[in-house]
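Structural overview
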Amino acid sequence: ESHTQYERVGADVTMKCGSMDWDAAVTWTANGTDIDESHLNGSYLILKNVDLSQSGQYSCYEGSSWHLKYQTYLRVGTPPKEPVLMCRSNNYPKGFYCSWHLPTPTYIPNTFNISVIHGTKDMVCEKDAVPKNRCHIRYLQLFSTVKYKVTLTVTNALGKNFTTLTFDEFAIVKPDPPESVVAKPVPNNPRRLEVSWQNPSSWPDPESFPLKFFLRYRPLILDQWQHVELSDGTSHTITDAYAGKEYIIQVAAKDNDIGTWSDWSVAVHATPWTEEPKHLTTEAQITETTSASTSSFMAPPTTKICDKGAVVGSGAMAVCWTAGLVVAAYSVLFI
Amino acid sequence: PTGDSWGIFTFLCAALCNLPALPALNCSEELGAGQSIQQTYDLTRYLEHQLRTLAGTYLNYLGPPFNEPDFNPPRLARAERVPSATVDLDLWRGLTDNARLAANYRAYSRLLCYLRVLDGQVGTAELRHRLAHFCASLQGLVLSIGGVMSSLGYPLPAGPAGPPAGPPGAPAAPNDFLKKMDDFWLLKELQTWLWRSAKDFNRLKKKVPPAVVTLRLEARGF
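Owing to the predicted nature of the structure, the values given are computational and were not obtained by experimental measurement.

Secondary structure assignment for chain B yields six helices and one strand. Along chain B, from the amino end to the carboxyl end, the secondary structure elements read α-α-β-α-α-α-α. The burial tally for chain B puts 44% of its 222 residues in the buried class. Contacts in chain B between residues far apart in sequence, at least 24 positions, make up 86% of those at least 6 positions apart. For chain B, the accessible area works out to roughly 10800 Å², and carbon and sulfur atoms hold 61% of it.

On to the overall build of chain A, then. Secondary structure summary: chain A contains three helices and 24 strands in total. Burial status across chain A gives 41% buried among its 335 residues. Sequence separation of at least 24 residues holds for 62% of the intrachain contacts in chain A that already meet a minimum separation of 6. Accessible area for chain A stands at about 17600 Å²; split by element, carbon and sulfur atoms hold 51% of it.

The next subject is the UniProt feature "domain: Fibronectin type-III" (unreviewed entry) in chain A. Sequence positions flagged by UniProt for "domain: Fibronectin type-III" (unreviewed entry) are, in local numbering, residues 177-277 of chain A. Structurally, residues 177-277 of chain A comprises 0% helix and 48% strand, and the distance from its first C-alpha atom to its last is 38 Å.

A few words on the UniProt feature "domain: Ig-like" (unreviewed entry) in chain A. Taken from the UniProt record, the annotation "domain: Ig-like" (unreviewed entry) applies to residues 10-60 of chain A. As annotated, residues 10-60 of chain A comprises 0% helix and 41% strand, and the C-alpha atoms at either end are separated by 23 Å.

Moving on to the packing of aromatic side chains. Residue and element names in this part refer to chain A. According to the stated counting rule, one finds 24 aromatic pairs over all chains in the structure shown. An angle of 50 degrees between the planes, with centres 5.6 Å apart, marks the rings of Phe96 and Tyr139 as tilted. With Phe96 in strand β10 (residues 95-101) and Tyr139 in the loop between β14 (134-138) and β15 (141-142), the pair connects residues that are 43 residues apart, well separated along the chain. Phe96 gets classed as buried once you look at its relative accessible area, which sits at 2%. Using a relative accessible area of 6% as the deciding quantity, one classes Tyr139 as buried.

A word on the pattern of salt bridges. Once the charged atoms of two side chains with opposite charge are near each other, the side chains can pair. Applying the stated criterion across every chain yields a total of 17 salt bridges over all chains. The residue Lys212 of chain A makes a salt bridge to Glu229 of chain A at a minimum N-O spacing of 3.5 Å. Of this pair, Lys212 of chain A sits in strand β20 (residues 211-219) while Glu229 of chain A sits in strand β21 (residues 226-230), placing them 17 residues apart in sequence. Within this structure, Asp255 and Asp257 of chain A together with Arg45, Glu48, Arg52 and Lys199 of chain B form a network of salt bridges that share partners.

Glancing now at the sheet that holds strand β24 (residues 268-270) of chain A. Residues and elements named next belong to chain A. Here four strands make up an open sheet; going across it, the order is β21-β20-β23-β24 and the pairing antiparallel. Two strands in the sheet have a free side with no partner beyond their single neighbour: β21 and β24. Ignoring strand direction, the axes of neighbouring strands in this sheet form an average angle of 25 degrees. In terms of strand pairing, β20 meets β21 through five bridges, oriented antiparallel. Pairing of Arg216 across the sheet is with His227, part of β21.

All names here are of chain A. Reading across the sheet, the three strands line up as β18-β19-β22 and stay open at both edges, with antiparallel pairing between neighbours. Each of the sheet's edge strands pairs with one partner strand only, and the pair in question is β18 (179-186) and β22 (235-238). Sheet twist, expressed as the mean angle between neighbouring strand axes with direction ignored, is 15 degrees. By the bridge criterion, four bridges tie strand β19 (residues 189-198) to β22 in an arrangement that is antiparallel. Across the sheet, the residue bridging to Leu193 is Ile238, located in β22.

Taking 1.5 Å per residue, 27 residues should reach 39 Å; helix α5 (residues 125-151) of chain B reaches 39 Å between its end C-alpha atoms and fits that length. The first or second residue beyond α5 of chain B is Gly153 of chain B, which carries a positive phi of 85 degrees.

A few words now on the pairing of β14 of chain A. All names here are of chain A. In β14, alternate side chains face the same way, and those of Cys135 and Ile137 are buried while those of Arg134, His136 and Arg138 on the opposite face are not. Where β10 and β14 come together, five bridges link them in antiparallel fashion. Paired with Gly95 across the bridge in β14 is Arg138. Strand direction decides the pairing type here: strand β13 (residues 126-127) and β14, joined by two bridges, are antiparallel. Of the residues in β14, the one forming a bridge with Lys127 is Cys135. In this structure, the hairpin formed by β13 and β14 is closed by a connection of six residues, where Asn133 is found at a positive phi of approximately 60 degrees.

With respect to the element layout, Lys147 of chain A can be found in the loop between β15 and β16 (148-156). At a separation of 3.2 Å, a polar atom in the side chain of Lys147 of chain A contacts the main-chain carbonyl oxygen of Pro69 of chain B. Leaving out residues up to four positions away in the same chain, Lys147 of chain A has contacts with Ile117, His118, Gly119, Thr166, Phe167 and Asp168 of chain A together with Pro69, Phe71, Asn72 and Lys188 of chain B.

Turning our eyes to something else, we now look at the nonpolar core. Ranked by size, the top nonpolar core spans 100 residues in total, and within it Tyr92, Phe96 and Ile249 of chain A together with Tyr108 of chain B carry the most contacts. Here the element with the most residues in this core is helix α6 (residues 176-219) of chain B; it accounts for 12 residues. Summarising the domain contributions, this core has at least three residues from each of domain 2 (84-167) and domain 3 (179-270) of chain A. Grouped together as the second largest cluster of nonpolar side chains are 15 residues, Cys17, Val26, Tyr58 and Val76 of chain A included.

A few words now on unusual backbone geometry. Looking along the chain, the bond that leaves Tyr92 of chain A and enters Pro93 of chain A is cis, with omega of 10 degrees. Mapped onto the secondary structure, Pro93 of chain A falls in the loop between β9 (84-88) and β10. Residue Pro65 of chain B is reached from Pro64 of chain B by a cis peptide bond, and omega for that bond is 0 degrees. You can see Pro65 of chain B is positioned in the loop between α2 (27-62) and β1 (87-88). In the Ramachandran plot, Asn133 of chain A falls in the positive-phi region, its phi being about 60 degrees despite a non-glycine side chain. The residue Ser180 of chain A is not glycine, and still its phi comes out positive at about 50 degrees. Within the secondary structure layout, Ser180 of chain A lies in strand β18. A relative accessible area of 46% places Ser180 of chain A in the partly exposed class.

Reading the values: rules and limits
Residues numbered from 1 in each chain as written. Chains lettered and ligands numbered in written order. Predicted model: local features only at pLDDT ≥ 70, side-chain atom pairs only at ≥ 80, totals over all residues. Heavy atoms only, no water. Helix = DSSP H or I, 4+ residues; strand = E, 2+ residues; numbered from the N terminus. Buried < 20%, exposed > 50% of the residue type's maximum accessible area, 1.4 Å probe, protein only. Contact = heavy atoms within 4.5 Å. Areas by Shrake-Rupley, 256 points an atom, 1.4 Å probe, with all protein chains shown as cover. UniProt positions renumbered as here; feature names shortened; annotations may be inferred. Phe/Tyr/Trp six-rings, centres within 6.5 Å; stacked < 30°, edge-to-face > 60°. Salt bridge = Lys/Arg side-chain N within 4 Å of Asp/Glu carboxyl O. Pairing = 2+ DSSP bridges. Axes fitted to C-alpha atoms, helices over the stretch in contact; angles between N-to-C directions. Expected span 1.5 Å × (residues − 1). Polar contact = N/O pair within 3.5 Å; in protein donor to acceptor, adjacent residues only side chain to side chain. Core = buried A, V, L, I, M, F, W, Y, C linked by side-chain atoms within 4.5 Å. Domains from an automatic or database assignment.

Structure, rendered in structure tokens:
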């Protein structure tokens, strides 16, 4: 006879050789390897303080005949800890989904059971094929005052545990991030970047349930983000970009009235349009080009720094830009 | 998209106003409908924010368990007399503009009635003051919805002329705890209605301007 046996990590395990007497002569093997007699108490196999590495197939053979008398598959694991459950509506008003996982592995098979109660009604949460550990529910009614109560129970051979979430229909609304975010420079506009994006495809009805958006952007070299909130439209032109600097841009979405902001979209990079660098030979030309490209953030100080002891050549341009930017960064910090 | 609809609408309005055979249309009235829908929407958002503070204060006044965030009592039959915002999704989508506006008008009129009853009963001066202010704003919302309905040519629903004590036949709460439960559900329904109205007026915002012109043309036999 053969079966599976589950034991907790750290437990002491005693295995009997089937129906053999205690004083019978037997040999035990673990995964085909003979086990030393020191682990035996008569014909019983004693494993103290088992650990995960001791999982495997244990077989017991009668001493002289080598007949297989007993076989068991030992699986060492732990009872489940309290599972982590999350429910979210990224497709309002269609419904919501719940997903879960265990905070630490149990090393043995677990079954999950999820129940959803809405007031007095039991609802069925349909399990998704992919990803596993996820199920979805369709709303039958909208604008409900009664909370939803979701209970997740996890069970394995060594124990069980559960967790509960209670929430209002409105509280779990969180769209997916906006899609297809694109940022482009605007020709002949050294301080502009045109950003456009699309509603997340999982949001089913943007006409009746419009989304609003939050845009954040910063030059790669600075840590501080700038933010713009947009109540409609799926595009925006940034007009205060630092000329010539590469920007990182992200967008988030939220239902106009309820719920929470989505995660940030995938970041896009863009650099505003710059004029083709010309070959400079005189100090006067450097000053001219520099002041033409500066803004209210960067005006007089930049020109002065570049004026003093300016060196002919494109290397000087780089110095001017960096100096101007440092000054601008400081002024931004002090605003 | 909103800009385009306004452009078409304004053009049509101007064109119609210039047709010699017709008496001049009151264009400002039609434009007014679109604007007052926006104003009504803004008012529901304002009330929703106001309600959060009011509800917090009121539930603390009621004391535990009403002020606990996890409090999730079953609906008792008696609570059904408070108009519910809950509705079947397809039904809600298919509501005509008239039905949509009328549902809001009726709901807030009744909720206002109940809130006024509450106002007469609460203990602290602070609560009375907050409730009075909220009731005034809510009255404004009812009037605003009524205004939108009138400007679109819809008749106002028959007033909920129920006495301040509530609809006839509804028994007063037999004990203090059940009375508090009634108050709890009243606030909950009010909150849900304000969330729903934001969505109702979103739909109306997008649909009304062209529909208004069609309505007027029909009235003149075109």
